[in-house]
Amino acid sequence: MTLKPIALIAAALALSGCVATTNAVLDSAGTQSDPTPTTTVSSSTGTAIGTALNAARSQNGLSVVQPNAALMAAAQEQARYMAATSNLTHTGSGGSSVGQRVRRAGCSYSWVGENVAVGQPTAQATMDAWMNSAGHRRNALNRSATTYGSATVGGYSALVLAGGC
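Caption draft 1: Up close: the overall build of the chain. Within the chain, the secondary structure is distributed over 6 helices and 7 strands. Of the contacts formed within the chain by residues at least 6 apart in sequence, a portion of 67% connects residues at least 24 apart. Per element, the accessible surface of the chain, about 7,400 Å² overall, is 54% carbon and sulfur.

Caption draft 2: Local environment of the state of the cysteines. Tallied over the full model, the rule gives 1 disulfide. Shown here is the disulfide that connects Cys-107 with Cys-165, its sulfur atoms set 2.0 Å apart. With Cys-107 in the loop between α4 (98–104) and β5 (111–118) and Cys-165 in the segment after β7 (156–163), this residue pair connects regions lying 58 residues apart in the sequence. Overall, the relative accessible area of 1% leaves Cys-107 in the buried class.

Caption draft 3: Region of the structure containing the side chain of Thr-147. When you line up the elements, Thr-147 lands in strand β6 (residues 147–153). A residue is classified by how much of its surface remains accessible, and Thr-147, at 9% relative accessible area, is buried. With residues near it in sequence (within four places) discarded, Thr-147 still touches Val-65, Gln-66, Asn-68, Leu-71, Val-160, Leu-161, Ala-162 and Cys-165.

Caption draft 4: Quick look at the pattern of salt bridges. Scanning the model with the defined rule gives 2 salt bridges in all. One salt bridge connects Arg-104 with Glu-77, and the closest N-O pair in it is separated by 2.5 Å. Highlighted residues: Arg-104 in helix α4 and Glu-77 in helix α3 (residues 69–85), separated in sequence by 27 residues. With a shortest N-O distance of 2.8 Å, Arg-101 and Glu-114 are connected by a salt bridge. Taken together, the positions of Arg-101 in helix α4 and Glu-114 in strand β5 put the pair 13 residues apart, joining distant regions of the chain. Classification of Arg-101 as buried rests on a relative accessible area of 1%.

Caption draft 5: Spotlight on helix α5 (residues 123–131). Where α5 is concerned, the buried positions are Ala-123, Thr-126, Met-127, Trp-130 and Met-131. Taken around the axis of α5, the buried residues stretch over an arc of 135 degrees, which confines them to a single face.

Caption draft 6: Representation of the environment of Ser-108 within the structure. Position of Ser-108 relative to the elements: it lies in the loop between α4 and β5. Since its relative accessible area comes to 60%, Ser-108 is described here as exposed. Put simply, Ser-108 and Ala-162 are 54 residues apart on the chain and 9.1 Å apart in space, counted from C-alpha to C-alpha. Aside from chain neighbours lying at most four places away, what touches Ser-108 is Gly-164 and Cys-165.

Caption draft 7: Quick peek at the environment of Gly-119. Its place among the elements puts Gly-119 in the loop between β5 and α5. Residue classification places Gly-119 among the buried positions, given a relative accessible area of 4%. In this structure the C-alpha to C-alpha distance between Gly-119 and Gly-154, which are 35 residues apart in sequence, comes to 8.7 Å.

Caption draft 8: Expanded view of unusual backbone geometry. The backbone of Ser-86 sits at a positive phi, close to 50 degrees, despite the residue not being glycine. Residue placement: Ser-86 occurs in the loop between α3 and α4.

Caption draft 9: Representation of the environment of Ala-52 in the model. Here Ala-52 is to be found in helix α2 (residues 46–59). In this structure, Ala-52 is in contact with Ala-123, Gln-124 and Met-127, ignoring residues within four places of it in sequence.

Caption draft 10: View of the pairing of β7. For β7, the tally of buried residues reaches 8 of 8 residues, placing the bulk of the element in the interior. Side chains of β7 alternate between two faces, with Tyr-156, Ala-158, Val-160 and Ala-162 and Ser-157, Leu-159, Leu-161 and Gly-163 buried alike. The sheet contact formed by β5 and β7 spans 8 bridges and is antiparallel. Each residue of the ladder has a partner; that of Val-118, found in β7, is Tyr-156. For β6 and β7, the ladder comprises 7 bridges, and the chain directions are antiparallel. Residue pairing for β7: Gly-149 is matched across the bridge by Val-160. Remark: 2 residues form the turn of the hairpin made by β6 and β7, two consecutive strands paired antiparallel; Gly-154 in that turn has positive phi of roughly 55 degrees.

Calculation rules
- Residues numbered from 1 in each chain as written.
- Predicted model: local features only at pLDDT ≥ 70, side-chain atom pairs only at ≥ 80, totals over all residues.
- Heavy atoms only, no water.
- Helix = DSSP H or I, 4+ residues; strand = E, 2+ residues; numbered from the N terminus.
- Contact = heavy atoms within 4.5 Å.
- Areas by Shrake-Rupley, 256 points an atom, 1.4 Å probe, with all protein chains shown as cover.
- Disulfide = S-S within 2.5 Å.
- Buried < 20%, exposed > 50% of the residue type's maximum accessible area, 1.4 Å probe, protein only.
- Salt bridge = Lys/Arg side-chain N within 4 Å of Asp/Glu carboxyl O.
- Arc of directions from axis to C-beta.
- Pairing = 2+ DSSP bridges.

As structure tokens, then:
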């Protein structure tokens, strides 16, 4: 999947010396939100996304999820792939799915979900975008989730949640 025409504008602005990104998110069902331009760029870490995730879960009466090395590896793999290909997608290298990446990283799961996004200036902004999208919110607040992994590379973020890992 490629981003809407706003990505072309962002690329042209970046080439002209002005940095621009899109605030797009894509849930594991493949639904993309409408991107809006922004001119602020910063990187967020997996830990910051996890903090924002657990705050949202606590605010909704859910238990926190614990970081998991296998899920961190799967999230990192997807964030790197998206950054390398400039493509917001759930399909990874070699056509892999989130389930395949998680199993390859060493996690046998009973439930798995993935949220991806591009262009939010902070981890909190990324989480806010996900919480304002039905599919992303469903993943983040899934009662089956017990562990998570997250990563941001080149403005592309991936959050992987699993149960039974």
